[in-house]
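# Structural features, examined
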Amino acid sequence: RFPKGGKMSQHLDRLKVGDTIDIRGPVGEFEYLRTGNFLLDGERCFASRFNMIAGGTGITPVMQIAAEIIRHPEDTTRMSLIFACREEGDLLMRSVLDSWAKHFPKKFKVHYILSDAWPKDWKYSTGFVNKDLFKEHFYPPTKDCYNLMCGPPIMLEKGCTPNLVALGHKKTTIFSF
């Protein structure tokens, strides 16, 4: 995969003291308002449910939205998260995610999948995200079910979008950060 790190990590590693880089973001394409209402590229939308897919550090934007929903008891939006990493130690914020699933079971559920290594007693999935995994753990396609994803481009392009579409989710309900 990336034994020397990703492209960005390698680029940053080659910088010398005094070198500069330009960074942009967040770009604001998705803005969660409250109670299922959000802006997508400036257009007002509504979701009663979110399927969320995070790969590695892609947990960051997904978790921000989940935290906002959980923070407000009047928000009944439901979320199902699949969090994919290489090994168990890569699962950032796992204790928080597990706590949310335990304390807010009607609002939030989480399932993990590891691709490279896992303990013998691992009770979640192994391998890569796929159609069967989504079918088992995600909400089915409806007009008010949106799919939010953030992770490595190869995962989103090969594993996520085609399988969500194959399950009947419209491309207009699939958003990647």
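In this text the structure is predicted, and so the values were computed from the model without any measurement.

This brings us to the pattern of salt bridges. Oppositely charged side chains can form a pair if their charged atoms are brought close together. The tally for this structure, following the rule as stated, stands at five salt bridges. The partner of E74 in a salt bridge is R34, with the nearest N and O atoms 3.8 Å apart. Placement of E74 in the loop between helix 2 (59-71) and strand 5 (78-85) and of R34 in strand 1 (residues 30-34) is noted, with a sequence separation of 40 residues between them. Classification of E74 by relative accessible area gives partly exposed; the value is 44%. As a salt-bridge pair, D98 and R94 come within 3.4 Å of each other at their nearest N and O atoms. Here the residue D98 and the residue R94 both occupy positions in helix 3 (residues 94-103), the gap between them amounting to four residues, near one helical turn.

Here the focus is the pairing of strand 2 (residues 37-40). Of the strand pairs in this sheet, strand 1 and strand 2 are connected by four bridges, and their pairing is antiparallel. Looking at strand 2, one finds that Y32 is bridged to F38. A loop of two residues connects strand 1 with strand 2, the two strands running antiparallel in sequence, and T35 in this loop sits at a positive phi of about 45°. Sheet topology places strand 2 next to strand 3 (residues 43-46); four bridges connect them, and they run antiparallel. Bridging across to strand 3, L40 finds its partner in E43. Taking the residues that link successive antiparallel strands as the turn, the strand 2-strand 3 hairpin has two residues, and the phi of D41 there is positive, at about 50°.

Conventions used here
- Residues numbered from 1 in each chain as written.
- Predicted model: local features only at pLDDT ≥ 70, side-chain atom pairs only at ≥ 80, totals over all residues.
- Heavy atoms only, no water.
- Salt bridge = Lys/Arg side-chain N within 4 Å of Asp/Glu carboxyl O.
- Helix = DSSP H or I, 4+ residues; strand = E, 2+ residues; numbered from the N terminus.
- Buried < 20%, exposed > 50% of the residue type's maximum accessible area, 1.4 Å probe, protein only.
- Pairing = 2+ DSSP bridges.

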